[in-house]
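The chain contents come next:
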Amino acid sequence: MTSPSPDVLIIGGGIIGAACADALSARGLRVTVVEQDVVGSGATAAGMGHLVVMDDNEAELALSAWSLELWREFVAEHPERHEYSRCGTIWVAADDEEMAAARVKAKTLTAHGLSCAMLDAVSLYEREPQLRPGLAGGLLVNGDGLVYPPKSARLLMDRAVARGAALVNGSVHHVNADGSVVLADGTRLHPGRVLVAAGSRSAALVPELPVQPKKGHVAITDRYPGFIRHQLVELGYIKSAHAASGDSVAFNLQPRPTGQILIGSSRQFGTTDPAVEHAMMARMLRHAATFTPALANMNVLRCWTGLRAASPDGLPIIGPHPARAGLWLATGHEGLGITTSLATAQLVAAQMCGEAAAIPHMPYLPSRFSQMRHAHG
Ligand SMILES: Cc1cc2nc3c(=O)[nH]c(=O)nc-3n(C[C@H](O)[C@H](O)[C@H](O)COP(=O)(O)OP(=O)(O)OC[C@H]3O[C@@H](n4cnc5c(N)ncnc54)[C@H](O)[C@@H]3O)c2cc1C
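Here goes a summary of the coordinates provided. (Residues numbered from 1 in each chain as written. Predicted model: local features only at pLDDT ≥ 70, side-chain atom pairs only at ≥ 80, totals over all residues. Heavy atoms only, no water.)

### Remarks on the overall build of the protein chain
Move 1: Within the protein chain one finds 11 helices and 19 strands.
Move 2: In summary, the protein chain has a C-alpha radius of gyration of 21 Å against a globular reference of 21 Å for 377 residues, a match within 12%.
Move 3: Counting only C-alpha atoms and orienting by the principal axes, one finds that the protein chain spans roughly 65 × 40 × 40 Å.
Move 4: Counting over 377 residues, the protein chain shows a buried share of 56%.
Move 5: A separation threshold of at least 6 residues defines the contact pool for the protein chain, and within that pool the share at least 24 residues apart is 75%.
Move 6: With an accessible surface of roughly 15,300 Å², the protein chain has 53% of that area assigned to carbon and sulfur atoms. (Helix = DSSP H or I, 4+ residues; strand = E, 2+ residues; numbered from the N terminus. Rg over C-alpha atoms; globule rule 2.2 N^0.38 Å. Buried < 20%, exposed > 50% of the residue type's maximum accessible area, 1.4 Å probe, protein only. Contact = heavy atoms within 4.5 Å. Areas by Shrake-Rupley, 256 points an atom, 1.4 Å probe, with all protein chains shown as cover.)

### Focus on the pairing of strand 1 (residues 8-11)
Within a regular strand, side chains alternate between the sheet's two faces.
Move 1: With burial as the criterion, each face of strand 1 is covered, one bearing Val8 and Ile10 and the other bearing Leu9 and Ile11.
Move 2: Bridge count for strand 1 against strand 12 (residues 193-196) is four bridges, and the pairing is parallel. Paired with Val8 across the strands is Arg193, a residue of strand 12.
Move 3: Sheet topology note: the strand 1/strand 2 (residues 31-35) ladder contains four bridges and is parallel. Bridged to Ile10 within strand 2 is Val33. (Pairing = 2+ DSSP bridges.)

### Concerning the packing of helix 1 (residues 15-26) against helix 6 (residues 149-162)
Packed helices, taken two at a time, are described by the angle between their axes plus the distance between the axes.
Move 1: Two numbers describe how helix 1 lies on helix 6: the axes approach to 8 Å, and their chain directions differ by 30°. Between helix 1 and helix 6, the crossing angle belongs to the class labelled roughly parallel. Judged by the sense of rotation from one axis to the other, the crossing of helix 1 with helix 6 is left-handed. The segment helix 1 lies against helix 6, with Ile15, Ala18, Ala19, Ala21, Asp22 and Ser25 engaging Pro149, Ser152, Ala153, Leu156, Met157, Arg159 and Ala160.
Move 2: Grouping the amino acids of the contact of helix 1 with helix 6 by side-chain chemistry returns nine nonpolar, two polar and two charged. (Axes fitted to C-alpha atoms, helices over the stretch in contact; angles between N-to-C directions. Parallel < 35°, antiparallel > 145°, perpendicular 65-115°, else oblique. Left-handed = near helix turned anticlockwise from the far one by under 90°. Nonpolar A, V, L, I, M, F, W, Y, C, P; charged D, E, K, R; others polar.)

### Side note on the pattern of salt bridges
Side chains bearing opposite charge may pair, as long as their charged atoms lie close to each other.
Move 1: By the definition in use, this model includes 13 salt bridges.
Move 2: Salt-bridge contacts for Lys214 lead to Glu334; the nearest nitrogen and oxygen are separated by 3.5 Å. Of this pair, Lys214 sits in strand 13 (residues 212-223) while Glu334 sits in the loop between strand 19 (327-331) and helix 10 (337-353), placing them 120 residues apart in sequence. As far as the burial class goes, Lys214 and Glu334 line up, both buried.
Move 3: Among the salt bridges present, the one from Glu334 reaches Arg267, with a minimum N-O distance of 3.6 Å. Taken together, the residues Glu334 in the loop between strand 19 and helix 10 and Arg267 in strand 16 (residues 260-269) connect sequence positions 67 residues apart.
Move 4: Overall, Glu334 belongs to the buried group, its relative accessible area being 15%.
Move 5: The structure contains a network of salt bridges with shared partners spanning Asp22, Arg159 and Arg163. (Salt bridge = Lys/Arg side-chain N within 4 Å of Asp/Glu carboxyl O.)

### Digging into the site of the ligand
Move 1: Around the ligand, the structure places 37 residues, and the nearest of them are Glu35, Thr44, His50, Val172 and Thr339.
Move 2: The contact in question runs from a nitrogen atom of the ligand to an N or O atom on the backbone of Met48, over 3.0 Å.
Move 3: Between His50 and the ligand, the recorded distance is 2.9 Å, taken from a backbone N or O atom to a nitrogen atom.
Move 4: Protein burial of the ligand: of its 1,000 Å² of free accessible surface, 94% is covered by the chains.
Move 5: At the level of secondary structure, the elements contributing two or more residues to the shell around the ligand comprise helix 1, strand 2, helix 2 (43-46), strand 13, strand 17 (300-310) and helix 10.
Move 6: Looking at the shell around the ligand, its residues break down into 14 nonpolar, 19 polar and four charged. (Near = heavy atom within 4 Å. Polar contact = N/O pair within 3.5 Å; in protein donor to acceptor, adjacent residues only side chain to side chain.)

### What about empty space enclosed by the protein?
Move 1: Evaluated as defined, the whole model comprises two cavities of 30 Å³ or more.
Move 2: Estimates place the volume of the second largest cavity at around 40 Å³.
Move 3: Lining the second largest cavity are Val175, Asn176, Ala177, Gly179, Val194, Arg324, Ala325, Gly326 and Leu327.
Move 4: Of the residues contributing to the lining of the second largest cavity, the split by class is five nonpolar, three polar and one charged. (1 Å grid on protein atoms, 1.4 Å probe; cavity = no way out; pocket = protein on both sides within 12 Å on 5 of 7 lines; lining within 4 Å. Points joined across faces, edges and corners; volume = space filled by probe spheres on them.)

### So, the packing of aromatic side chains
Move 1: What the rule picks out here adds up to two aromatic pairs.
Move 2: Geometrically, the ring pair formed by Trp71 and Phe74 is tilted, given 5.8 Å between the ring centres and 50° between the ring planes. One end of the pair, Trp71, and the other, Phe74, are both in helix 3 (residues 58-76), three residues apart, so they sit about a helical turn from each other.
Move 3: Since its relative accessible area comes to 0%, Trp71 is described here as buried.
Move 4: Summarising the aromatic geometry, the rings of Phe251 and Phe291 are spaced 4.4 Å apart at their centres and angled 5° between planes, so their arrangement reads as stacked. One end of the pair, Phe251, is in strand 15 (residues 248-255); the other, Phe291, is in helix 9 (residues 278-291), with 40 residues separating them in the sequence.
Move 5: Of the residues examined, Phe251 reaches a relative accessible area of 0% and is grouped as buried.
Move 6: Assessed through its relative accessible area of 5%, Phe291 is described here as buried. (Phe/Tyr/Trp six-rings, centres within 6.5 Å; stacked < 30°, edge-to-face > 60°.)

Pasting the structure below:
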């Protein structure tokens, strides 16, 4: 079979692959995306779509804050197509210790030029009367928002295809040392570069990649318009979200523009079984109801799971493979890949095209892991 020769072949049409296709095609590169399922069907479909600035470290803050700027520009023309809402996030502080954590967060975000406001208990209940009594307060982050991720992925891919990018429905079986790519049906492609954006399945193609799946459960309710107005996240979330092992649940509630409430989320290592686990779902829902008790009387319509791709240091892995020429990576985005997709794509495109990006690319390079530096093709 004659094979096309794109400048860049992207493996995976999730939000990361779609954003990269968009950014690379915008620079005039010939792009082919190989997706084994439908665009935006992996973790991208499972994710909550919360666009949130995270500040566990400088690199995470720089990437998420920049990406949020890019999101606000991207959705500006047709916010309804993304089901976008600039709902803001309230980080809920249960006690004085968490209020102290909220103040530290406020200081960091303010120093970075991000708009936020400390809420005492009175202002918290004014904004969110459904929260249980006795909470200490919280931090409101104004620029955060939400999208419906599979739709946004589709819009990014459509824009790339309109510029001439090809979308191939197929499964990549392996990537050869010479940079050629072999599909499950035997088709061999010879791109200039290969970009692996296969989410939690990336390590199946690049075994030395230090990413492991982190399973998450999510549930969505019937329509209860106005029940909550902001994305509500417990400050304790920060501890559970970054645990390197063990199962955890955290209170994370989202008001969908439809009036539905999206309830997250759980984190589990050591499983790739997509089945909804009733014990984990029950634990997550019970925990959510300790924050918003009226939730216990609501109808849950649907629940599902997804696999995040977790890297050892919690930062995504973006850039050239240090030991395999022509192979590039954009994966390991864990629970923040919807938020950080657009900045990820700009970092990839800037590095491929020899441009300077708005933030340094160093903290995200695959070469920070010794197993990547010492890999063999
Ligand atoms: C429960 C949950 C909640 C989340 N909530 C949020 C949130 O609120 N905010 C946020 O920012 N992030 C959130 N995330 C994280 C976010 O969803 C992911 O980081 C992001 O979707 C990763 O996108 P991706 O394109 O790397 O992976 P995916 O969306 O998984 O895409 C990878 C694609 O590659 C394809 N693929 C894999 N292997 C092959 C192959 N061999 N050949 C061809 N195609 C292949 C797959 O079919 C898939 O479509 C959440 C994740 C989960 C699981």
